[in-house]
Amino acid sequence: MPGLAVTSLTLSHFRSYRSARLAPGPGPIALFGPNGSGKTNLLEAVSLLSPGRGLRRAPAEEMGRRPDALGWKIRAEIDHRGQVHEIETWSEGAASRQVRIDGKAATQLALGRIVRVVWLIPAMDRLWIEGADGRRRFLDRLVLSFEPGHGEAVLGYEKAMRERNRLLKDQVRDPAWYDALEAQMAARGAEIQANRLAALERIAAAQEEAATVFPAATLELVGPDGPETLTTEQALRDAFGSGRREDLAAGRTLKGPHRADLFARYAEKGIEARQSSTGEQKALLLSLILSNARALAADTGAPPLLLLDEVAAHLDAGRRAALYEEIAALGAQAWMTGTGPELFEDLGSGANRYPIADDGSGSTLTPAPA
């Protein structure tokens, strides 16, 4: 059994599933079926065993099965290095999601201390060529896997920034109104930037230490105008204070961690990730996800859960086989989706295979014959 594994998963009124239960063995998990059958919905359920809004970043009220409107529930048994935990998370109607661990109410932060999850989904395929927002979310998700408290730092920063932006829009000019908010933003912002830089160092080290067919990426935290310099509390306080006039004109905060970006370069070729081919960009993403998993395994003693949505379809046979070999070497429980069983032939006999279909009333799954 991997150091971290879901040994039982039960869904109730979640997305396209009225009910579903699976109890996978120790090997990788292959979910296959037609597009729209519910494969990604199942991965989303697993992603909600970690802090945050899951791989789709959807509000809790959108996750319930329609048109039932009964709310939804996910229950899982987790084996974490031989210690078994029962995790339940749910939402009733429009309520925010709740968490219970081993029968006791818990915070999402507590989830992050037990379950680390990293994922790669098709929506990330354009990561390097679209706006900075997506890359920042991708980076912060990497950071959150290393530091579960990172989410609270981000929320604290954003809350204070919303208050400051309200002052700016109302054209408030009294410095006393800004000082306290900017102090909060600077403290939280410095924590955010320190977490980001530490995560990039861990990813870089994990790439250097690995023998892999997937290309390494050189990563850098940058600001709107070049290399990021607003990384200390004092630098952020100075930037907020000196930027008030410009921010008043714009009606919003123009500098800070919320404007940072993740810059990546294909290390071997020396070209920017956004200038690489589509296949190379996908390979770079896979490299980062695998490096994230290796670094977590080194830090915590157990690799994270890997969620790889439709990843096999974008790889040639050689790289697909190499990916499966790396997952096996890592010892991670990997949940993978694809349209057909042929994509998972190289996983061997130890894999858990689940055909998924939609029978008109919802998604169904059953273990495939061995």
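Residues numbered from 1 in each chain as written. Predicted model: local features only at pLDDT ≥ 70, side-chain atom pairs only at ≥ 80, totals over all residues. Heavy atoms only, no water.

A.B. asks: Tell me about the overall build of the protein chain, residues and numbers included.
C.D. replies: Each helix and strand counted, the protein chain has 9 helices and 16 strands in total. In terms of overall dimensions, the protein chain is globule-like: its C-alpha atoms have a radius of gyration of 22 Å, near the 21 Å expected for 370 residues. Counting only C-alpha atoms, the protein chain reaches 70 × 50 × 40 Å along its principal axes. Every one of the 370 residues in the protein chain was classed for burial, and the buried ones make up 54%. A separation threshold of at least 6 residues defines the contact pool for the protein chain, and within that pool the share at least 24 residues apart is 70%. (Helix = DSSP H or I, 4+ residues; strand = E, 2+ residues; numbered from the N terminus. Rg over C-alpha atoms; globule rule 2.2 N^0.38 Å. Buried < 20%, exposed > 50% of the residue type's maximum accessible area, 1.4 Å probe, protein only. Contact = heavy atoms within 4.5 Å.)

A.B. asks: Can you explain the pairing of strand β9 (residues 217–223)? Please cite residues and give values.
C.D. replies: Extensive coverage of β9 is indicated by the burial of 5 of its 7 residues. Pairing geometry for β9 and strand β10 (residues 226–227), over 2 bridges, is antiparallel. Residue pairing across strands places Gly223 opposite Gly226, the latter belonging to β10. The hairpin turn running from β9 into β10, its antiparallel successor, is 2 residues long. (Pairing = 2+ DSSP bridges.)

A.B. asks: So what's going on with the UniProt feature "binding site: ATP" (unreviewed entry) in the protein chain? Residues and values would help.
C.D. replies: Look at the UniProt record and you will see "binding site: ATP" (unreviewed entry) annotated at Gly33, Pro34, Asn35, Gly36, Ser37, Gly38, Lys39 and Thr40. Residue placement: Ser37 occurs in the loop between β3 (29–32) and α1 (39–47). Ser37 has contacts with Ser16, Ile356, Ala357, Asp358 and Ser363, leaving out every residue within four places of it along the chain. In this structure the side chain of Ser37 is engaged in a polar contact, spanning 2.7 Å, whose partner is the backbone oxygen of Pro34. Filtering out sequence-adjacent residues up to four positions away, Thr40 remains in contact with Leu55, Arg56 and Asp309. (UniProt positions renumbered as here; feature names shortened; annotations may be inferred. Polar contact = N/O pair within 3.5 Å; in protein donor to acceptor, adjacent residues only side chain to side chain.)

A.B. asks: Now, about the UniProt feature "domain: AAA+ ATPase" (unreviewed entry) in the protein chain: what can you tell me, with residues and values included?
C.D. replies: Those residues carrying the UniProt feature "domain: AAA+ ATPase" (unreviewed entry) are residues 25–358 in this numbering. The distance separating the terminal C-alpha atoms of residues 25–358 is 24 Å; by composition the span is 42% helix and 19% strand.

A.B. asks: Describe the sheet that holds β10, listing the residues and the values that go with them.
C.D. replies: Sheet architecture is open: 4 strands sit in the order β10-β9-β11-β12, paired in antiparallel fashion. Here the strands that pair on one side only, and so sit at the sheet edges, are β10 and β12 (271–272). Running over the sheet, helix α5 (residues 175–209) touches β9 and β11 (261–266) and is turned about 165° from β9. (Axes fitted to C-alpha atoms, helices over the stretch in contact; angles between N-to-C directions.)

A.B. asks: Pulling in residues and values, what's your account of the nonpolar core?
C.D. replies: Formed by 93 residues in total, the largest nonpolar core has its most connected members in Leu9, Leu42, Leu323 and Trp335. For this core, the element with the most residues is helix α8 (residues 278–300), which contributes 11 residues. For Trp335, the contacting residues outside a window of four places in its chain are Val6, Leu9, Leu22, Pro24, Ile29, Leu31, Leu42, Leu43, Val46, Leu306, Leu307 and Leu308. Counting 18 residues, the second largest nonpolar core, distinct from the first, contains Tyr157, Met161, Ala190 and Phe240. (Core = buried A, V, L, I, M, F, W, Y, C linked by side-chain atoms within 4.5 Å.)

A.B. asks: Got a sec to walk through the sheet that holds strand β2 (residues 17–22)? Specific residues and values, please.
C.D. replies: With antiparallel pairing, 6 strands are arranged side by side in an open sheet as β2-β1-β4-β5-β6-β7. Of all the strands in the sheet, the pair left with one neighbour each is β2 and β7 (104–105). As paired elements, strand β6 (residues 98–101) and β7 share 2 bridges and run antiparallel to each other. Following the sheet pairing, Ile101 is matched in β7 by Lys104. The sheet strands contacting α1 are β1 (4–14), β2 and β4 (72–80), and the helix crosses β1 at an angle near 115°.

A.B. asks: How would you sum up a negative patch on the surface? Please name residues and give values.
C.D. replies: The grouping of Glu325, Glu342, Glu345 and Asp346 at the surface amounts to a negative patch. Inspection of the secondary structure puts Glu325 in helix α9 (residues 317–330). (Patch = residues over 30% accessible without salt bridge, like charges linked within 9 Å, V, L, I, M, F, W, Y side chains within 5 Å. Areas by Shrake-Rupley, 256 points an atom, 1.4 Å probe, with all protein chains shown as cover. Salt bridge = Lys/Arg side-chain N within 4 Å of Asp/Glu carboxyl O. Lys, Arg positive; Asp, Glu negative; His and termini not counted. Charge placed at Lys NZ, Arg CZ, Asp CG, Glu CD.)

A.B. asks: Can you explain the packing of aromatic side chains? Please cite residues and give values.
C.D. replies: Throughout the structure, instances matching the rule amount to 3 aromatic pairs. Note on Trp128 and Phe138: the rings are 6.5 Å apart at their centroids and 75° apart in plane angle, and the pair reads as edge-to-face. In this pair, Trp128 is assigned in the loop between β8 (117–120) and α3 (132–146) and Phe138 in helix α3, connecting sequence segments 10 residues apart. Considered together, Trp128 and Phe138 belong to a single accessibility category, that of buried residues. (Phe/Tyr/Trp six-rings, centres within 6.5 Å; stacked < 30°, edge-to-face > 60°.)

A.B. asks: Give a description of unusual backbone geometry that names residues and reports values.
C.D. replies: With an omega dihedral of 5°, the bond running from Arg66 to Pro67 counts as a cis peptide bond. Here Pro67 shows up in the loop between α1 and β4. Phi angles above zero are rare outside glycine, and Arg15 is one such case at about 50°. Of note, Arg15 is situated in the loop between β1 and β2. Unusually for a residue other than glycine, Glu310 sits at a positive phi of about 55°. Looking at the secondary structure, you find Glu310 in the loop between β13 (305–308) and α9. On the accessibility criterion, Glu310 (14% relative accessible area) is buried.

A.B. asks: Quick one: what's the story with the pattern of salt bridges, residue by residue and with numbers?
C.D. replies: The final tally for this structure, using the stated rule, is 22 salt bridges. Put simply, Glu310 and Lys39 hold a salt bridge, and the shortest N to O gap is 3.6 Å. Taken as a pair, Glu310 in the loop between β13 and α9 and Lys39 in helix α1 lie far apart in primary sequence, 271 residues in all. Here Asp125 and Lys282 are joined by a salt bridge, their closest N and O atoms 2.7 Å apart. Residue Asp125 is found in the loop between β8 and α3, and its partner Lys282 is found in helix α8; the two are separated by 157 residues along the sequence. The buried category is assigned to Lys282, whose relative accessible area is 6%. Beyond isolated ion pairs, a larger network of salt bridges with shared partners links Arg164, Asp179, Glu182, Arg244 and Asp247.

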